[in-house]
Amino acid sequence: MIDISTLNEPQQQGVLTTEGPVLILAGAGSGKTRVLTHRVAHLIDQGIMPYNIMAITFTNKAAAEMRERIDNIVGYGSDGVWVATFHSSCVRILRRFGERLGYGSNFTIYDTDDTKVLMKEICKYLQIDTKQFKEKTFLNVISAAKNELIGPEEFSRRAGNDYNMSRQAAVYREYQARLRQNNAFDFDDLIMKTVELLRNDAEVASYYQNKFHYIMVDEYQDTNTAQFELVRLLASGRENLCVVGDDDQSIYKFRGANIYNILNFEKHFPNATIIKLEQNYRSTANILNAANSVIANNEGRKEKALWTTEEAGEKIELQQFDSAYEEATYIAMNIASHVKKHECTYKDCAVLYRTNAQSRLIEEKMIFEGIPYKLVGGVNFYSRKEIKDILAYLKTVDNAADDIAVQRIINIPKRGIGATTISKVADYARENNMGFFDALEVSDEIASIGKSAVKLDGFVRMIMDLRDIASKQSISALIEEILLRTDYVAELRAEGTDEAKARIENIDELLSKAVAFEQDHDSDDVTLSMFLEEVALVADIDSYDATDDYVVLMTLHGAKGLEFPRVYMSGMEDGLFPGMGAIYDGGGADSEMEEERRLCYVGITRAMQHLTMTSARQRMVRGETQMSKWSRFVKEIPEELVHGNLWEPKPRDDFSGMISGGEYSVYRGSISGGSHKPKLATTYGSRPTNTSGTKIEKSELDYTVGDRVNHIKFKEGTVLDIIDEGRDYEVTVEFDGVGVKKMFASFAKLKKI
DNA sequence: GTGCCTGCTCACGGG
DNA sequence: GAGCAGGCAC
């Protein structure tokens, strides 16, 4: 028997209610992963075969974590449990049965870049003016349709006489036809086509329905209509479907998530058992209360009240700065000082932001302070040019029908094959209803091509050779052969720039990944398709490893599902978070504003002990300076839960361009801002890069902890703490009748009484 | 066909 | 502020 005595009452119920549809409404930090893993363990304990159990997650990281935790409870034997993401589950199904839809089992998965290239081609072919109608808009429309399981025909029907929609329908039709020709799926296809397969092929449907007796879905609030239908189909019959989610953490509407999947679960499954996990084991009471206060402003939620037995803990710290530059400086210095005092380690800290663009400044300051950090997200490793080039070679070798891949590398490195030649071949292929690569093979038959045919022939022969190598040797050997034959690395080395060096490093990393992939899998059944699939489906967050000691920088979206003792939410400004779109969109249930607020809720609930929110009065956005005020979400937090400078009006009369450094007044109320700003002799820009406590023009203090001091505004108080911030001292004082304030010694001008 | 320059557009989030 | 398309010279 597995031990569930450590679980609370509703958690135990979640584990033990194995039959029928179950909705577990799991508030942030309420131990839902524990419930899921124990539930799987319990099922196995009850004699259910592991291969009859399926658990679906959104990211590989979540899947890996779940598998590991199940392993820890039941020991080995859990291998058979199907733990996978939505996308990789569908790939597995399609690899096996995709031929019934007319796709080869070696299909390619197109990422966002690939689909953009394809769409560009289609617009050219259909003579659509892309200045007027953006490729991206078409792609968004198609993606939205696919997420709602609307195929090209249905889309066309719905378009009716609408001119704009008819054009979109034509593009959609062509787009889908080309994917099919290229033996490729885009991300949305993976789900939609699997649903199509299950709907239209009773044999396949019943195969999986008989395979999966128990199905669990994590992060259910993020599922879209297609994913819901997929799950519904798979669970159909037994209906032992357990979904876990939190409507308050639904933050993926923009990619099609349908919040009604969770809100209407009981309508879809009238006999569903609803279990609420409301005890939070993660955060202090103050943090939890702040989160509750913010999210309470949303309409249309499932009633839910998170509570904790934790003590209040520290108040939430608010810090507003003149610029994003100072904000980043403060965060970096603050982390450095806490680590130095051994109050936390680097890995305890996470800096969260709304947009990836904000990471640059913070990254800069982390480097400056010598803080080890890890940036999660941003430009995906696999979307770098050099990596995409090599992957395109691999795709060409693996799936000859993938025109996008072939055309990407046909002139990389330069082979003297230009746009004119390529379009001649493409036309020929189209006229003769054949693939691009097939046309290349018979290029001498294309009359207008002339002497370029020789070059094309050389390219074709090289691919043939590579295919031969692929069939006999390992993936890493194939990559090395490609590098050799293309002189790819050699050319970069000749360039000698830092950028070229970085590219070489990336290529080395790709090689290591290939080697690691081969080691992780049985060499007999490892295929190139599998490697390419893993690469295509990897998510940014998958690379995050919580065991290394570094500060994590990521978007609020990326932080979902994670927790950190110390969290910094940066850029808490109206216009940035919530963004302009949400502000103009207004409010009300299901609005963009509510989604932003849920995102804020997600951010707050990542914090275990310490939460700092920062904002900048001015920030460079899209190359222009933008002025902003505190985010409305910050103002939704009750005053008694925060300390800092929330409502401090600050005259904006002192922009000398000089960095005013760590000045952060903690007064609430009026102060004569601006004029009191000290002129520092040393700016951060010239500060030595060591963090070992180099003191620069810092006068010693004549008071110490426990002393009584006098402040110009707050009058008398007792010094509670003095922290050596390196360049200055941060002094914490309890002022009589005013409360606890933190300030920098050089600005506070405290006098010992 | 290639390489460079310029000017234009675009900008949230992600599998 | 960055990335890309288009124009131009070679």
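Residues numbered from 1 in each chain as written. Chains lettered and ligands numbered in written order. Predicted model: local features only at pLDDT ≥ 70, side-chain atom pairs only at ≥ 80, totals over all residues. Heavy atoms only, no water.

## Things to note about the pattern of salt bridges
- In this structure the tally under the stated criterion is 44 salt bridges.
- Lys-146 is the salt-bridge partner of Asp-189, the closest N and O atoms lying 2.9 Å from each other. Residue Asp-189 is located in helix H9 (residues 187-200), and its partner Lys-146 is located in helix H6 (residues 135-147); the two are separated by 43 residues in the primary sequence.
- By relative accessible area, Lys-146 is classed as buried at 0%.
- Salt bridges linked by common partners bring Lys-32, Asp-218, Glu-219, Asp-222 and Lys-560 together as one network. (Salt bridge = Lys/Arg side-chain N within 4 Å of Asp/Glu carboxyl O. Helix = DSSP H or I, 4+ residues; strand = E, 2+ residues; numbered from the N terminus. Buried < 20%, exposed > 50% of the residue type's maximum accessible area, 1.4 Å probe, protein only.)

## Observations concerning helix H2 (residues 32-45)
- The terminal C-alpha atoms of H2 lie 19 Å apart, and with 14 residues this matches the ideal 20 Å at 1.5 Å per residue to within 8%.
- The complete set of buried residues in H2 reads Lys-32, Val-35, Leu-36, Thr-37, His-38, Arg-39, Val-40, Ala-41, His-42 and Leu-43.
- Immediately beyond the C-terminal end of H2, within one or two residues, lies Gly-47, with a positive phi of roughly 95°. (Expected span 1.5 Å × (residues − 1).)

## Considering the side chain of Lys-61
- The topology assignment puts Lys-61 in helix H3 (residues 60-74).
- Look at Lys-61 and you get buried, because its relative accessible area is 16%.
- In this view, Lys-61 contacts Ile-541, Asp-542, Tyr-544 and Leu-562; residues no more than four positions away in its chain are not counted. (Contact = heavy atoms within 4.5 Å.)

## Thoughts on the packing of H6 against helix H8 (residues 163-181)
- Two elements in contact, H6 and H8, have axes separated by 10 Å at closest approach and are oriented at 75°. Looking at the two axes, H6 sits roughly perpendicular to H8. Listed contacts from H8 to Phe-138, Leu-139, Val-141, Ile-142, Ala-145 and Lys-146 of H6 are Arg-167, Gln-168, Val-171, Tyr-172, Tyr-175, Gln-176 and Leu-179.
- Of the residues in the contact of H6 with H8, the class split is nine nonpolar, two polar and two charged. (Axes fitted to C-alpha atoms, helices over the stretch in contact; angles between N-to-C directions. Parallel < 35°, antiparallel > 145°, perpendicular 65-115°, else oblique. Nonpolar A, V, L, I, M, F, W, Y, C, P; charged D, E, K, R; others polar.)

## Section: the confidence of the model for chain A
- On average, residues of chain A score 83 in pLDDT, and 89% of them reach the 70 mark or higher.
- Within the model, pLDDT remains below 50 along residues 648-698, and this stretch shows 109 contacts once partners closer than five positions in the same chain are excluded. (pLDDT = per-residue confidence, 0-100.)

## Regarding the sheet that holds strand E3 (residues 82-85)
- Strand order in the open sheet formed by six strands is E3-E2-E6-E7-E1-E8, and the pairing between neighbours is parallel. Only two strands of the sheet have a single neighbouring strand rather than two, namely E3 and strand E8 (273-277). For this sheet, the mean angle separating the axes of adjacent strands, direction not counted, is 15°.
- With four bridges joining them, strand E1 (residues 22-26) and strand E7 (residues 241-245) adopt parallel strand pairing. Residue pairing in the sheet places Leu-23 in a bridge with Val-243 of E7.
- Where helix H1 (residues 9-16) meets the sheet, it contacts E1 and E8, and its direction lies at approximately 140° from that of E8.
- Against the sheet, H3 touches strand E2 (53-57) and E3, its axis set at about 160° to E3. (Pairing = 2+ DSSP bridges.)

## Here's the deal with helix H24 (residues 498-520)
- In a regular helix each residue adds 1.5 Å, so 23 residues correspond to 33 Å; H24 covers 33 Å between its end C-alpha atoms and thus fits that length.
- Taken together, the buried positions of H24 are Ala-500, Ile-504, Asn-506, Ile-507, Leu-510, Leu-511, Ala-514, Phe-517 and Glu-518.
- Against the buried residues of H24 lie helix H17 (385-398), helix H22 (475-486), helix H23 (488-495) and helix H25 (528-537).

## Some words on the protein's contact with DNA strand B
- Every one of the 24 residues lining DNA strand B counts as a neighbour, but Lys-134, Arg-354, Asn-356, Lys-414 and Thr-420 are closest to it.
- The contact atoms of DNA strand B, taken as those within 4 Å of the protein, divide so that sugar and phosphate hold 52%.
- The backbone of Asn-356 places a nitrogen or oxygen atom 2.4 Å from a phosphate oxygen of DNA strand B.
- The separation between a phosphate oxygen of DNA strand B and a polar side-chain atom of Asn-411 is 3.1 Å.
- In terms of residue class, the surface near DNA strand B is built from five nonpolar, 10 polar and nine charged. (Near = heavy atom within 4 Å. Polar contact = N/O pair within 3.5 Å; in protein donor to acceptor, adjacent residues only side chain to side chain.)

## Some thoughts on the environment of Leu-576
- Residue position: Leu-576 is located in the loop between strand E13 (564-569) and helix H26 (580-585).
- A sequence separation of 466 residues divides Leu-576 from Tyr-110, and the C-alpha atoms of the two residues are 31 Å apart.
- With sequence-adjacent residues up to four places away left out, Leu-576 is seen in contact with Arg-354, Thr-355, Gln-358, Gly-571, Glu-596 and Arg-619.

## As for the packing of aromatic side chains
- If you walk through the whole model with that rule in mind, you get 16 aromatic pairs.
- Plain terms: the ring middles of Trp-82 and Phe-212 are 5.1 Å apart, the flat faces sit at 85° to each other, and that makes the pair edge-to-face. With Trp-82 in strand E3 and Phe-212 in the loop between helix H10 (202-211) and strand E6 (214-217), this pair connects stretches of sequence that are 130 residues apart.
- Taking relative accessible area as the criterion, Trp-82 reaches 6% and is therefore assigned buried.
- Judged by centre distance (5.7 Å) and plane angle (85°), the ring pair of Phe-155 and Tyr-172 falls under edge-to-face. (Phe/Tyr/Trp six-rings, centres within 6.5 Å; stacked < 30°, edge-to-face > 60°.)

## Re the layout of surface pockets
- Of the volumes computed, that of the second largest pocket is approximately 1500 Å³.
- Every residue lining the second largest pocket is counted, 41 residues in all, and those nearest its centre are Asn-60, Glu-534, Val-538, Ala-539 and Asp-542.
- Breaking the lining of the second largest pocket down by element, the ones donating at least two residues are H3, E3, helix H4 (86-97), strand E11 (373-375), H24 and H25.
- Class assignment for the residues of the lining of the second largest pocket results in 19 nonpolar, nine polar and 13 charged. (1 Å grid on protein atoms, 1.4 Å probe; cavity = no way out; pocket = protein on both sides within 12 Å on 5 of 7 lines; lining within 4 Å. Points joined across faces, edges and corners; volume = space filled by probe spheres on them.)

## Structural notes on the environment of Glu-314
- Within the element layout of this structure, Glu-314 appears in the loop between helix H14 (285-295) and strand E9 (316-323).
- For Glu-314, a relative accessible area of 42% translates into the label partly exposed.
- In this structure, the C-alpha to C-alpha distance between Glu-314 and Ala-285, residues 29 residues apart in sequence, is 9.1 Å.
- Non-local contacts of Glu-314, meaning those with residues more than four positions away in its chain, are made with Asn-286, Gln-609 and His-610.
- At 2.9 Å, the side chain of Glu-314 and the side chain of His-610 are in polar contact.

## Details of the pairing of E13
- Counting buried residues along E13, six of its six residues qualify, which places the element largely inside the surrounding structure.
- Bridging between strand E10 (residues 349-353) and E13 involves four bridges; their strand directions are parallel. Each bridged residue has a counterpart across the sheet, and for Val-351 the counterpart in E13 is Tyr-568.
- Judged from the five bridges that link them, E13 and strand E14 (residues 607-621) form a sheet pairing that is parallel. Residue pairing in the sheet places Val-567 in a bridge with Leu-611 of E14.

## What about the environment of Met-119?
- Tracing the sequence through the fold places Met-119 in helix H5 (residues 112-125).
- According to the relative accessible area criterion, Met-119 is buried, its value standing at 0%.
- Taking the C-alpha atoms as reference points, Met-119 and Ser-30, 89 residues apart in sequence, are found 44 Å from one another.
- With residues near it in sequence (within four places) discarded, Met-119 still touches Glu-135, Phe-138, Leu-139, Ile-142, Val-171 and Tyr-175.

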